[in-house]
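Descriptive analysis of the structure
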Amino acid sequence: MEKYDITKPIKIPVGMHKLNDEPSISFQLNRLVNMDGCDLAVAQEIGPTIKTAADFYDVLKNRADLELENGHIKNAAALYRMSEFFTDWEDPNGLAAWKKARELFFEYYADFFSGENPLVELVNVPYESYTLPTLKFSAENPKGDIVMHGGFDSSYEEFFAECEYLRENGFNVYLFEGPGQGECIRLHGAPLVMEWERPVKTVTEYFDLHDVILVGQSLGGFFAPRASAFDERVSRCVSIAQFGALKMNFHNNAFVNGLVIALLNIILYGFGWLINIIYAAKKGKGMAFFRTYFHRMGTTNVYRLVKFLWSIDLRPIADKLTKDHLVIGGSTDTMACRAGIGRQLLLLKNARSVSSREITTHEKGADHCCCGNQIAAMDTIISWAELMEKRDASLKGVD
């Protein structure tokens, strides 16, 4: 059985590639390679055969079956996991692919979880009526504790390599899936919650962590700073992807950004009642966007959905954002405009310190979640954490 050799440092690919003519599909295939660990050659081979999002599942699932048959566990796990991305949440094929991907993930990384003192442990942290699956990475001589989570559609598999890289560089890491993510929504139907401090506090209190660096990726770039405002166990916060507010992220030009928001308000508030009627009549068929977002937000009502989306905004709690903050963004992020980085920095008016790092196309990590150069993002966190330690040492004894 193919397994990762734990005697070797973790491998994180670097580079973005045109894998499909449709940019959104090409990005997901790059995510397949850079975040899920599939061989680039496989993605390059199957990429051109995908003509629409409807083809995505069949192409990736069929290749996953072939990779598994040939004993390529790593590729199979990545392909099964990503194959479910465009599937409907009620599609049994999507759930089956997700379960198979998780099974193979643990097979491939088995040695990390074995022995008396495993490098990584799976801990199911009690939370409300279910548990938060948490991967605990234990460093030999820990410099500090990092708690990490994703955003809208994440699973812990795609952040495993990053967290192992942080562990190899001396940090204990606690990578968890919260409401609306991975196992929590796939197996328990638990939607996203705005009060992200609830799952974060559950993790920090369960492991009795203090002086925590909280790292949120994608929409987690909003959730993490929000949680940091309400959890005193968190002393530093990192946003990977600029999400100070959803309303800040539509366009670099402030005037155009405002026009987009106004247009959306007219459509969603003015015709929300009609969308609700059509959705109910069609039972969501042919309305993939609303089916996905309704499910993820735990509603079937346009007005409640809009209320949730517009609540993705740190400005109302800006005075409570008092920790050390680091914002890492991509110069060509497909999910957020470049100006969102500066806009998020501006609202951190009460932060103890404010730092930022924009990763560019020259560095191959300019897209969402630094896909293409996650090492650059992780190295930034490591360097920043060391810089904050030096800063704190210099301030000792100073009134």
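It should be noted that the structure appears before, not after, this text.
What comes next concerns the included structure. Since this is a predicted model, take the numbers as computed values, not measurements.

In terms of regular secondary structure, the chain is built from 15 helices and 8 strands. Compactness check: the chain gives a C-alpha radius of gyration of 21 Å against a globular reference of 21 Å for 399 residues, within 12% of the reference. Seen along its three principal axes, the alpha-carbon backbone of the chain occupies a region of about 65 × 55 × 45 Å. Residue burial in the chain is summarised as follows: out of 399 residues, 56% are buried. Expressed as a percentage of contacts within the chain between residues at least 6 apart in sequence, the contacts between residues at least 24 apart total 70%. When the accessible area of the chain is evaluated, it comes to approximately 17300 Å², of which 54% is carbon and sulfur surface. Of the charged side chains in the chain, 42 are positive and 51 negative, and the gap between their average positions amounts to 6 Å.

Below, the discussion takes up the sheet that holds strand β2 (residues 130–137). Reading across the sheet, the 8 strands line up as β1-β2-β4-β3-β5-β6-β7-β8 and stay open at both edges, with mixed pairing between neighbours. The open sheet terminates on both sides in strands that have one partner only, identified here as β1 (120–127) and β8 (353–359). Strand-to-strand twist across the sheet, computed as the mean angle between neighbouring axes with direction ignored, equals 20°. Pairing of strand β3 (residues 144–149) with strand β5 (residues 212–217) involves 4 bridges; the strand directions are parallel.

The end-to-end C-alpha distance of helix α3 (residues 53–69) is 25 Å, a good match for the 24 Å that 17 residues give at a rise of 1.5 Å each. Where α3 is concerned, the buried positions are F56, Y57, V59, L60, R63, A64 and E67. Its buried side turned inward, α3 meets α1 (23–34), α2 (40–46), α4 (73–83) and α5 (92–108). Phi turns positive one or two residues past the end of α3, at G71, with a value near 80°.

On to the pairing of β2. In terms of burial, β2 is largely enclosed, as 6 of its 8 residues are buried. One ladder, built from 8 bridges, connects β1 with β2; its direction is antiparallel. Pairing of N124 across the sheet is with P133, part of β2. Linking β1 to β2, which pair antiparallel, is a turn of 2 residues; within it E128 sits at a positive phi near 50°. Relative to strand β4 (residues 171–176), β2 is paired through 4 bridges, and the arrangement is antiparallel. The residue bridging L135 from the neighbouring strand is L175, located in β4.

About the criteria used
Residues numbered from 1 in each chain as written. Predicted model: local features only at pLDDT ≥ 70, side-chain atom pairs only at ≥ 80, totals over all residues. Heavy atoms only, no water. Helix = DSSP H or I, 4+ residues; strand = E, 2+ residues; numbered from the N terminus. Rg over C-alpha atoms; globule rule 2.2 N^0.38 Å. Buried < 20%, exposed > 50% of the residue type's maximum accessible area, 1.4 Å probe, protein only. Contact = heavy atoms within 4.5 Å. Areas by Shrake-Rupley, 256 points an atom, 1.4 Å probe, with all protein chains shown as cover. Lys, Arg positive; Asp, Glu negative; His and termini not counted. Charge placed at Lys NZ, Arg CZ, Asp CG, Glu CD. Pairing = 2+ DSSP bridges. Axes fitted to C-alpha atoms, helices over the stretch in contact; angles between N-to-C directions. Expected span 1.5 Å × (residues − 1).

Bear in mind that shape data such as this cannot, by itself, settle questions of function.
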